[in-house]
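# Structural overview
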Amino acid sequence: MDTLQAGVGMFPKKTWNAVTYCCPSCSTVLGAGIDPVALKTDEVLKGLGRG
């Protein structure tokens, strides 16, 4: 599992913390998605005025 900053074409300046799941043998990407824990942490910090 690796982490990276991901963006969506419609929102070029907005990025989210994402994770990729890769095969340990051949490094093929098996899946990718927004990291729900990091997303929640960012939202909580923003709500507290720290983000």
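Described below are features of the structure shown in this document. (Residues numbered from 1 in each chain as written. Predicted model: local features only at pLDDT ≥ 70, side-chain atom pairs only at ≥ 80, totals over all residues. Heavy atoms only, no water.)

This brings us to unusual backbone geometry. Here the phi dihedral of Ser 27 falls at roughly 65°; this positive angle occurs in a residue that is not glycine. With respect to the helices, strands and loops of the structure, Ser 27 is situated in the loop between strand E2 (11–22) and strand E3 (29–34). Given a relative accessible area of 54%, Ser 27 falls into the exposed group. (Helix = DSSP H or I, 4+ residues; strand = E, 2+ residues; numbered from the N terminus. Buried < 20%, exposed > 50% of the residue type's maximum accessible area, 1.4 Å probe, protein only.)

Right, let's get into the pattern of salt bridges. According to the stated counting rule, one finds one salt bridge in the structure shown. Where Glu 43 meets Lys 46, a salt bridge forms, and the shortest distance between an N and an O atom there is 3.6 Å. With Glu 43 and Lys 46 both in helix H1 (residues 36–47) and three residues apart, the pair spans about one turn of that helix. (Salt bridge = Lys/Arg side-chain N within 4 Å of Asp/Glu carboxyl O.)

With that settled, the discussion passes to the side chain of Asp 35. Here Asp 35 shows up in the loop between E3 and H1. Of the buried charged residues, Asp 35 lacks a salt bridge, with Lys 40 as the closest side chain of opposite charge at 13 Å. A distance of 3.2 Å separates the side chain of Asp 35 from the backbone nitrogen of Val 37, its partner in a polar contact. Non-local contacts of Asp 35, meaning those with residues more than four positions away in its chain, are made with Asn 17, Ala 18 and Val 19. (Lys, Arg positive; Asp, Glu negative; His and termini not counted. Polar contact = N/O pair within 3.5 Å; in protein donor to acceptor, adjacent residues only side chain to side chain. Contact = heavy atoms within 4.5 Å.)

The next thing to look at is H1. For H1, which comprises twelve residues, the first-to-last C-alpha distance of 16 Å matches the rise-based estimate of 16 Å (1.5 Å per residue) to within 8%. Sitting at the amino-terminal end of H1 is Asp 35, which places a side-chain oxygen 3.2 Å from the backbone nitrogen of Val 37. Remark: Gly 49 follows H1 within two positions and exhibits a positive phi of approximately 75°. (Expected span 1.5 Å × (residues − 1).)

Another point: a nonpolar patch on the surface. A cluster of nonpolar residues, Val 44, Leu 45 and Leu 48, forms a patch on the protein surface that exposes about 250 Å² of accessible area. Note on placement: Leu 45 falls in helix H1. (Patch = residues over 30% accessible without salt bridge, like charges linked within 9 Å, V, L, I, M, F, W, Y side chains within 5 Å. Areas by Shrake-Rupley, 256 points an atom, 1.4 Å probe, with all protein chains shown as cover.)

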